[in-house]
Amino acid sequence: MDSADLAPRMDTPLLVLHDPEDREMPFEEGAEVATRWPGAILRRAERLGHLRILRDPECVAEAVGFLET
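Sequence order as written defines residue numbering, which begins from 1 separately in each chain. Totals for whole chains, interfaces and linings use every residue, but because this is a predicted model, local features are given only for residues with pLDDT of at least 70 and side-chain atom pairs only at 80 or more, for both listing and counting. As a rule here, side-chain values come from all non-hydrogen atoms in the structure, and water together with hydrogens is ignored.

**What about the environment of glutamate 62?**
We count a stretch as a helix when DSSP gives it H or I for four or more residues in a row; a strand needs E for two or more, and each element gets its number in order from the N terminus. Within the secondary structure layout, glutamate 62 lies in helix H3 (residues 57-68). Residues glutamate 62 and leucine 17 lie 45 residues apart in sequence; the distance between their C-alpha atoms is 9.2 Å. The residues touching glutamate 62, leaving out its near neighbours within four places in the chain, are Leu15, Leu17 and Arg43. Contacts were defined at the residue level, with two residues in contact if any of their heavy atoms lie within 4.5 Å.

**Things to note about helix H2 (residues 27-36)**
Categorising residues by exposure relies on relative accessible area from a 1.4 Å probe, with only protein chains included: less than 20% of the type maximum marks a residue as buried, more than 50% marks it as exposed, and the intermediate range marks it as partly exposed. Taken as a whole, H2 has its buried residues at Phe27, Gly30, Ala31 and Ala34. Buried residues along H2 cover an arc of 100° about the axis, so they all sit on one side. Turning to H2, the residues buried within the fold contact strand S1 (15-18) and strand S2 (41-44). Taking the helix axis as origin, the arc is that swept by the directions to the C-beta atoms.

**A word on the packing of aromatic side chains**
Any Phe, Tyr or Trp ring, taking Trp's six-membered ring, that has another such ring centre within 6.5 Å forms a pair; planes under 30 degrees apart are called stacked, those over 60 apart edge-to-face, and the others tilted. All chains considered together, the criterion is met by 0 aromatic pairs. Only when the NZ atom of a Lys or the CZ atom of an Arg is both within 6 Å of the ring centre and within 35 degrees of the ring normal do we say a charge sits over the ring. Positioned above the aromatic ring of phenylalanine 27, the side-chain terminus of arginine 44 is 4.8 Å from the ring centre.

**Observations concerning the pattern of salt bridges**
Two side chains with opposite charge may pair up if their charged atoms get near one another. What makes a salt bridge here is a side-chain nitrogen of Lys or Arg within 4 Å of a carboxyl oxygen of Asp or Glu, nothing more. Here the structure, examined in full by the defined rule, presents 3 salt bridges. In this structure, the salt-bridge partner of arginine 43 is glutamate 62, at a minimum N-O distance of 2.2 Å. Here arginine 43 is found in strand S2, whereas its partner glutamate 62 is found in helix H3, with 19 residues between them in sequence. A residue is classified by how much of its surface remains accessible, and arginine 43, at 22% relative accessible area, is partly exposed. Exposure remark for glutamate 62: the relative accessible area of 28% places this residue in the partly exposed category. As a salt-bridge pair, arginine 44 and glutamate 46 come within 3.2 Å of each other at their nearest N and O atoms.

**Quick notes on the environment of leucine 54**
Along the chain, the position of leucine 54 falls in the loop between S2 and H3. With a relative accessible area of 63%, leucine 54 lands in the exposed category. Considering only alpha carbons, one finds leucine 54 and leucine 17, 37 residues apart in sequence, at a separation of 9.6 Å.

Fair warning: the whole summary comes from geometry, so function is off the table for now.
Written out as structure tokens, the structure is:
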């Protein structure tokens, strides 16, 4: 089964943090996941690349806040 087939059935909240200039994973991929996943939130994490998102204080705080809700 393709992951695109699974996303419409998901009911778990999802936060996608993605840098539009990520060289490892195209932004369009993250945007598509967020579009297909009901209720997903897509936030652009500008100028952080692929891995710096994990150490960025604003992204970490947003992810923790998202998990706390």
